[in-house]
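# A look at the structure
Each chain is listed here by its residues.
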Amino acid sequence: MNLNNLSKSFANFTYGKLTKNLGTMLLWTGTFGWILSSFAQITAVAINNKIPKEQKKFLIPQEIADAAVNIASFIVLTKSFTKFGERLVKSGKLATPKIREFISKYNLDSKVGTKQLDITKLPQIEDEMSPKHDKDFSKAFYNLFDGVSFIFSTIGSIISCNIVTPYARNYLGAKSQKNSIAKDKLNNPVMLPTSPVLPAQNRFSIDDYRAKTMNPTSGTLKI
Amino acid sequence: MAINVNTNKRITNGTSFTGAPSKLYTIKNERAQRVIEKIGEYSSPHSRLILGITALMTQPFIDWQNKDVDKDTRRVSTARTIGKIIAGTISGVIVRAGCIALIKKLTDANANKKWQKLLIPTNVSSNEYKNAERLLKKHRGAIGTIVALFVMLFTNFAFDVPVTKFLTNFLNDKFKKNGNKQQTKERGNL
């Protein structure tokens, strides 16, 4: 397979799966981007000599939890928000006056806001080579659709990456650190002495006692 | 700037995707329409930049308030989070924007040279591609973003990791000094 064929296959694949839908493109490229950056960040903590071992026990699990929660919540929340925003525009629930005019022109008013209507699948929009294709309707629709898709996918990614993930990874990282410290204490217990033992030269002997008690004076009081 | 959203007519004979009677929203404000249209031209570099800026506004504060760990760990964790956000955002935006600009050279439908049309899809006629300005921009954005992912395999280690490490250590030392100054001040006040 030469470079030309490979590049055309790649271009066709991208065009078919990602080009026509901005929200889907941002979702999946964002997911792979997070996977790559998480792997690099875990390595960064592991090789940083200035971070003490004790803190690495929190930070490495935190990074792994960060990666797992980040990726899972990114997919779930971003996809949900993107799909919701796109559905609003595809069903005609959210539209501009121009789009409403076209909807009325093609007698689609009764289906607006319902599952039965998907404007992207209409012959006036979907197939640009079709004789039914309406360039003005298509332009008016996609001017709104692309913007709403970007806005909702960005909101979803902000909520997942900047709010849900930090709280979740901190909780998981702290839990992991506590378990790690407890495990360390179990494997290396600290031995305490049972009673204090004085060195031989500091012991008070019976002769010292006799010498002290046989003394006729008692402090400053002269008898 | 607030988007002026007006409720239009109420449809009662159709079932909405939530099962309730449908309410319609029409964006009548022309300025709002232009803003949404402009946002629709954005791609992954803009998305990454917005994510980075909002991350700086939230994540460090969440880490600093984390009472489940001791003060030292909290300090290092906050410093590392700020370092990670700055390094990741700078490299993410530059690499994505650079790749999309490069892909523009390989998706020129009006060019005469073969290599300048290397990444134009064959399952679309070149006339359709030339006229579909929107699709051309989206196609460049999508391909540029995918190419950027492969470039980031290198920049993550060549740039992100060392810059994150440098910023983490720099900020950690700064926070430590500020913490010690604060403690000295408090002791002096006692």
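The model shown is predicted, which means the values in this text are computed figures rather than measured ones.

This paragraph deals with the overall build of chain B. Along the backbone of chain B there are five helices and two strands. For chain B, the succession of helices and strands along the chain, N to C, is β-β-α-α-α-α-α. Every one of the 190 residues in chain B was classed for burial, and the buried ones make up 45%. Nonlocal contacts in chain B, meaning residues at least 24 apart in sequence, comprise 58% of its contacts between residues at least 6 apart. When the accessible surface of chain B is split by element, carbon and sulfur atoms take 57% of a total near 10,800 Å².

On to the interface of chain B and chain A, then. By convention, interface size is frequently given as the accessible area that disappears when the constituent parts associate. Of the residues lining the interface, 76 residues belong to chain B; the matching set on chain A comes to 76 residues. For the chain B and chain A pair, buried surface summed over both sides reaches about 6,800 Å², with 64% attributable to carbon and sulfur atoms. Inspection of the region where chain B meets chain A yields one salt bridge. Between D146(A) and K138(B) there is a salt bridge, with its nearest N and O atoms 3.9 Å apart. Counting across the interface, chain B meets chain A through 12 residue pairs in polar contact (both at pLDDT 80 or more). Among the elements of the structure, β1 (5-11), β2 (22-27), α1 (30-39), α2 (44-64), α3 (71-105) and α5 (133-189) of chain B are those that each provide at least two residues to the side of chain B that touches chain A. Examining the composition of the side of chain B that touches chain A, we find that 19 residues originate from one element, α5(B), more than from any other. Classifying every residue of the side of chain B that touches chain A by side-chain character gives 29 nonpolar, 29 polar and 18 charged.

Between its first and last C-alpha, helix α3 (residues 53-90) of chain A extends 53 Å over 38 residues, near the 56 Å set by a 1.5 Å rise per residue. Directly beyond the C-terminal end of α3(A), a positive phi value near 80 degrees is found at G92(A).

Moving on: the packing of α2(B) against α3(B). All names here are of chain B. The interhelical angle for the contact between α2 and α3, taken along N-to-C directions, is 180 degrees, at an axis separation of 9 Å. Taken together, the axes of α2 and α3 are roughly antiparallel relative to one another. Its residues assigned to classes, the contact of α2 with α3 shows 12 nonpolar, nine polar and five charged.

Quick look at the confidence of the model for chain B now. Detailed reading of predicted coordinates is not advised where the pLDDT is low. All names here are of chain B. On average, chain B scores 80 in pLDDT, and the residues at 70 or more come to 81%. Mean pLDDT across the elements of chain B bottoms out in β1 (47) and peaks in α1 (93). Segment residues 1-16 is flagged for pLDDT under 50; beyond a separation of four residues in sequence, or across chains, it makes 41 contacts in the model. The complex prediction reports pTM at 0.75, with the ipTM value standing at 0.80.

Attention now moves to the pattern of salt bridges. For side chains bearing opposite charge, pairing can occur when the charged atoms are close. Following the criterion strictly, the structure yields four salt bridges over all chains and no others. Between D134(A) and K105(A) there is a salt bridge; the shortest N-O distance is 3.5 Å. Taken as a pair, D134(A) in the loop between α4 (97-105) and α5 (135-187) and K105(A) in helix α4 lie far apart in primary sequence, 29 residues in all. The closest approach of N and O atoms between K38(B) and E41(B), which form a salt bridge, is 3.8 Å.

With that out of the way, let us pick up α1(B). Residues and elements named next belong to chain B. Buried residues of α1: A32, I36 and I39, and no others. Summarising the axial view, the buried residues of α1 lie within an arc of 60 degrees, below the 170-degree limit, and thus occupy one face. Away from its buried face by more than 90 degrees, α1 exposes E30, R31 and R34. Residue N29 occupies the N-cap position of α1, its side-chain oxygen lying 2.8 Å from the main-chain nitrogen of R31.

Residue and element names in this part refer to chain A. The tally for this structure, following the rule as stated, stands at 10 aromatic pairs over all chains. Arranged with centres 5.4 Å apart and planes meeting at 20 degrees, the rings of F141 and F145 form a pair that is stacked. Within this pair, F141 and its partner F145 are both found in helix α5, separated by four residues, close to a single helical turn. Since its relative accessible area comes to 0%, F141 is described here as buried. Under the relative-accessibility criterion, F145 is labelled buried at 3%. Cluster of aromatic residues (ring-pair linked, three or more members): F102, Y106 and F137.

Residue and element names in this part refer to chain A. Interaxial distance between helix α2 (residues 22-47) and α3 falls to 10 Å at its minimum, and their mutual angle equals 175 degrees. Comparing the axis directions of α2 and α3 gives the class roughly antiparallel. In terms of residue class, the contact of α2 with α3 is built from 15 nonpolar, nine polar and four charged.

About the thresholds
Residues numbered from 1 in each chain as written. Chains lettered and ligands numbered in written order. Predicted model: local features only at pLDDT ≥ 70, side-chain atom pairs only at ≥ 80, totals over all residues. Heavy atoms only, no water. Helix = DSSP H or I, 4+ residues; strand = E, 2+ residues; numbered from the N terminus. Buried < 20%, exposed > 50% of the residue type's maximum accessible area, 1.4 Å probe, protein only. Contact = heavy atoms within 4.5 Å. Areas by Shrake-Rupley, 256 points an atom, 1.4 Å probe, with all protein chains shown as cover. Buried area = accessible area lost by both parts, 1.4 Å probe. Salt bridge = Lys/Arg side-chain N within 4 Å of Asp/Glu carboxyl O. Polar contact = N/O pair within 3.5 Å; in protein donor to acceptor, adjacent residues only side chain to side chain. Nonpolar A, V, L, I, M, F, W, Y, C, P; charged D, E, K, R; others polar. Expected span 1.5 Å × (residues − 1). Axes fitted to C-alpha atoms, helices over the stretch in contact; angles between N-to-C directions. Parallel < 35°, antiparallel > 145°, perpendicular 65-115°, else oblique. pLDDT = per-residue confidence, 0-100. Arc of directions from axis to C-beta. Phe/Tyr/Trp six-rings, centres within 6.5 Å; stacked < 30°, edge-to-face > 60°.

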